[in-house]
Amino acid sequence: MIQKILIANRGEIALRAIRACKELGIHTVAVYSNADKDLKHLKFADETVCVGPASPSESYLNVPSILSAAEVTNVTAIYPGYGFLAEDSNFAKQCKESGFKFIGPSSEIIKIMGDKITAKTFAEEAGIETVPGYKDPLPEDPNEIKIIANNVGYPLMIKATAGGGGRGMRIVNSENDLLHSIEITSHEAKNAFGNNTIYFEKFISNPRHIEIQIVADGKGNVIHLGTRDCSLQRKHQKIIEEAPANDINQENLSITLDACIKLCKDINYEGVGTLEFLYENENFYFIEMNTRIQVEHPVSEMITGFDIVKAQIKIALGIPITLDQNKISIRGHAIECRINAENPRTFAPNPGLINKMHPPGGFGIRFDSHIYSGYEVPPYYDSLLAKIITMANSRSACIKRMKSALDEFFVEGIDTNHSLHQDLMNDKVFIENKHTINYLENEFLKDYD
Ligand code: ADP
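Residues numbered from 1 in each chain as written. Predicted model: local features only at pLDDT ≥ 70, side-chain atom pairs only at ≥ 80, totals over all residues. Heavy atoms only, no water.

Asks: Is there a simple way to explain the packing of aromatic side chains in this structure?
Replies: Here the distance between the centres and the angle between the planes together describe a pair of aromatic rings. Within the structure shown, the criterion is met by 12 aromatic pairs. Pairing Tyr439 with Phe444 gives two aromatic rings, centres 6.3 Å apart and planes at 55 degrees, and the pair type is tilted. Its relative accessible area of 9% is what places Phe444 among the buried residues. Relative to Tyr448, the ring of Phe444 lies with its centre 5.1 Å away and its plane at 35 degrees, an arrangement referred to as tilted. The two residues Phe444 and Tyr448 agree in class, both being buried. (Phe/Tyr/Trp six-rings, centres within 6.5 Å; stacked < 30°, edge-to-face > 60°. Buried < 20%, exposed > 50% of the residue type's maximum accessible area, 1.4 Å probe, protein only.)

What follows is the structure, given as structure tokens:
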């Protein structure tokens, strides 16, 4: 029985996990780096342990340090959150070997599904349509590589199988750029992810990014919480997410949902997970699976009333999912705006002291954040400061509520992308739900000043 959980993360997701543990009556241990001693959630955890200096590699990615914190505090399980060690199969393995339950899938499943090539193979076997491409090892001969690329067709994407966070992918428009782009992408992938394996994918020119939230207990029970639309992106990174995805071909969605459930049953998936798709001309093309909680999970929680983080912990406790799929109903619409500490024009990170801030509130408004007046945002980590989530009966009412939430919200002392969100909420293309993954960068930001 898990009675004490170590939270191997920081910021808003660490706070989110502590809230879930409190409701479940589970004690918590928060770990932190030297640069994070003023984080809000440390005040709410039952115990705290410093795991190292500011640099992530010496603290939040420092496996021996985290495992020894788990040992001295005598926890039974470790909650990884997102980022850092959340999709590190080796960490999951070491947790198990050290006698701690890793809250998530087994290391074997993380390895299979965290690798984009094997994930695509398993998805195809379950009947999920994937982005067409070439994922076998590339031959040595450059001419053979060119033939393969021609068969995939230009423009194509070179992707690192271990890629993540919008990194490890490159568009190639013609054969002239092919070999050089392969070299750079695999070199970058080796440096960033320790794995230089790359593959080709057809470049889908103007899709939406649609994803499906899965919850599975590793005992054969798998449910989904519907879709999210995460098409508003910059540098392949999500900025606004919403649920459910509107204007979707319901027949194709239903086929895709069934196939996702089948995939998770086939691999006896345990934990929560997200299957990501590019959606174009009413077709879903699988790109990858994330074997962890997503930043944008609150929008699915708001429309289903289902607490995804609590579910993660209960599944790790061995409690089966008893909720039937047909008992999950989608009500209304939810939108999440990611407030980042960055310049709204240049997007340069802007850490520093928050002199004053005021969170939005009221009916249908949720504010998931670790910031407070007097908090100093350290320069070492992700720039995410807060997630403002609104929920209403319809998408248009939800946008209106988000506008009002954004009007109430302020942060003084550092730059944030707050005004970008305000402008997007007034944007005709966004309001009409006509945007694709290219809209923000290629159109909206082009004449943004
Ligand atoms: P990461 O793991 O880094 O998040 P993904 O494979 O999930 O990478 O892709 C992130 C984003 O990159 C997608 O939402 C989409 O905007 C873009 N993308 C990925 N693959 C393709 C593709 N084949 N064609 C067009 N855009 C793509």
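Here the narrative resumes, following the displayed structure.
Asks: Sorry, what's going on with the pairing of strand β15 (residues 333-340) here?
Replies: Consecutive side chains of a regular strand alternate in pointing toward one face of the sheet and then the other. Across the eight residues that make up β15, a large majority, eight, are buried. Neither face of β15 is exposed, since His333, Ile335, Cys337 and Ile339 on one face and Ala334, Glu336, Arg338 and Asn340 on the opposite face are all buried. Bridge count for strand β12 (residues 237-243) against β15 is four bridges, and the pairing is antiparallel. The residue bridging Ile240 from the neighbouring strand is Cys337, located in β15. As defined by bridge partners, β15 adjoins strand β20 (residues 384-392) across eight bridges and the pair is classed as antiparallel. The residue bridging Asn340 from the neighbouring strand is Leu384, located in β20. (Helix = DSSP H or I, 4+ residues; strand = E, 2+ residues; numbered from the N terminus. Pairing = 2+ DSSP bridges.)

Asks: Quick question: what am I supposed to make of the layout of surface pockets here?
Replies: One way to see where empty space is left: roll a probe the size of a water molecule over the atoms. A volume near 260 Å³ is recorded for the second largest pocket. In terms of lining residues, the second largest pocket is bounded by 17 residues, among which Lys96, Lys101, Pro105, Ser106 and Ser107 are the most central. Elements represented by at least two residues in the lining of the second largest pocket include exactly α4 (89-97), β5 (101-102) and α5 (107-114). By residue number, the principal contributor to the lining of the second largest pocket is α4, which donates five residues. Tallied by class, residues from the lining of the second largest pocket come to seven nonpolar, four polar and six charged. (1 Å grid on protein atoms, 1.4 Å probe; cavity = no way out; pocket = protein on both sides within 12 Å on 5 of 7 lines; lining within 4 Å. Points joined across faces, edges and corners; volume = space filled by probe spheres on them. Nonpolar A, V, L, I, M, F, W, Y, C, P; charged D, E, K, R; others polar.)

Asks: Sorry if this is basic, but what is going on with the site of the ligand here?
Replies: Looking at the ligand, there are 22 residues lining it, with Lys159, Gly166, His209, Gln233 and Glu288 nearest. At a separation of 2.8 Å, an oxygen atom of the ligand approaches a polar side-chain atom of Lys116. At 2.9 Å, a side-chain N or O of Glu201 approaches a nitrogen atom of the ligand. Burial of the ligand by the surrounding chains reaches 96%, relative to a free accessible area of 550 Å². Contributing elements (two or more residues each) for the shell around the ligand: β7 (156-164), β8 (167-172), β9 (198-202), β13 (270-280) and β14 (283-290). Per-element tally for the shell around the ligand: the top contributor is β7, with four residues. Of the residues assigned to the shell around the ligand, the class counts are eight nonpolar, seven polar and seven charged. (Near = heavy atom within 4 Å. Polar contact = N/O pair within 3.5 Å; in protein donor to acceptor, adjacent residues only side chain to side chain. Areas by Shrake-Rupley, 256 points an atom, 1.4 Å probe, with all protein chains shown as cover.)

Asks: Hey, could you run me through the nonpolar core in this one?
Replies: Here is a general trend for soluble globular proteins: nonpolar side chains tend to be buried in one another's company. In terms of nonpolar packing, the biggest core is built from 73 residues, with Ile5, Tyr79, Val215, Ile240 and Met425 touching the most fellow members. Here this core spans two domains, and each of domain 1 (4-94) and domain 3 (208-444) adds at least three residues to it. Discounting chain neighbours no more than four positions away, the residues touching Met425 are Ile240, Ile335, Cys337, Ile399, Met402, Lys403, Leu406, Phe430 and Ile431. Membership of the second largest hydrophobic core comes to 28 residues, among which are Ile109, Ile212, Ile267 and Met289. (Core = buried A, V, L, I, M, F, W, Y, C linked by side-chain atoms within 4.5 Å. Domains from an automatic or database assignment. Contact = heavy atoms within 4.5 Å.)

Asks: Hey, could you run me through the domain arrangement of the chain in this one?
Replies: The extent of an interface is frequently quoted as the accessible surface area lost upon association of the parts. With domains assigned, the chain is organised as domain 1 (4-94), domain 2 (132-202) and domain 3 (208-444). Here the C-alpha centroids of domain 2 and domain 3 sit 29 Å apart. Summing both partners gives a buried area of about 410 Å² for domain 2 against domain 3, and 55% of it is carried by carbon and sulfur. Of all residues in domain 2, Gly165, Gly166 and Glu201 give up the largest surface area on contact with domain 3, accounting jointly for 48% of the area buried on that side. Taken together, the connections running from domain 2 to domain 3 amount to zero salt bridges. (Buried area = accessible area lost by both parts, 1.4 Å probe. Salt bridge = Lys/Arg side-chain N within 4 Å of Asp/Glu carboxyl O.)

Asks: Which parts of the structure should I look at to understand the sheet that holds strand β11 (residues 222-234)?
Replies: Hydrogen bonds between backbone atoms are what pair the strands of a sheet, whose relative direction is either parallel or antiparallel. With respect to topology, eight strands assemble into an open sheet ordered β14-β13-β10-β11-β12-β15-β20-β18, the strand pairing being antiparallel. Every interior strand has two partners, whereas the edge strands, β14 and β18 (365-369), have only one. Adjacent strand axes in the sheet meet at a mean angle of 25 degrees, parallel and antiparallel pairs treated alike. Strands β11, β12 and β15 of the sheet are contacted by helix α13 (residues 418-425), whose axis makes an angle of about 150 degrees with β15. (Axes fitted to C-alpha atoms, helices over the stretch in contact; angles between N-to-C directions.)

Asks: Is there a simple way to explain helix α1 (residues 11-24) in this structure?
Replies: What sets the pattern is the α-helix's 3.6 residues per turn: residues three or four places apart point alike. Its 14 residues give α1 an end-to-end C-alpha distance of 21 Å, which sits within 8% of 20 Å, the value for a rise of 1.5 Å per residue. The buried fraction of α1 is high, at 10 of 14 residues. Once α1 finishes, Gly25 follows within two positions and takes phi at roughly 75 degrees, a positive value. (Expected span 1.5 Å × (residues − 1).)

Asks: I would appreciate a short explanation of the pairing of β11 in the present structure.
Replies: For β11, a buried count of 13 out of 13 residues is recorded, marking the element as mostly surrounded by other parts of the structure. Strand direction decides the pairing type here: strand β10 (residues 208-217) and β11, joined by six bridges, are antiparallel. By the bridge assignment for β11, Glu211 is matched with Arg228. Between β10 and the antiparallel strand that follows it, β11, lie four residues; Gly218 among them carries a positive phi value of about 70 degrees. Here four bridges tie β11 to β12, and the two strands are oriented antiparallel to one another. When the bridges of β12 are listed, Leu232 appears paired with Ile240.

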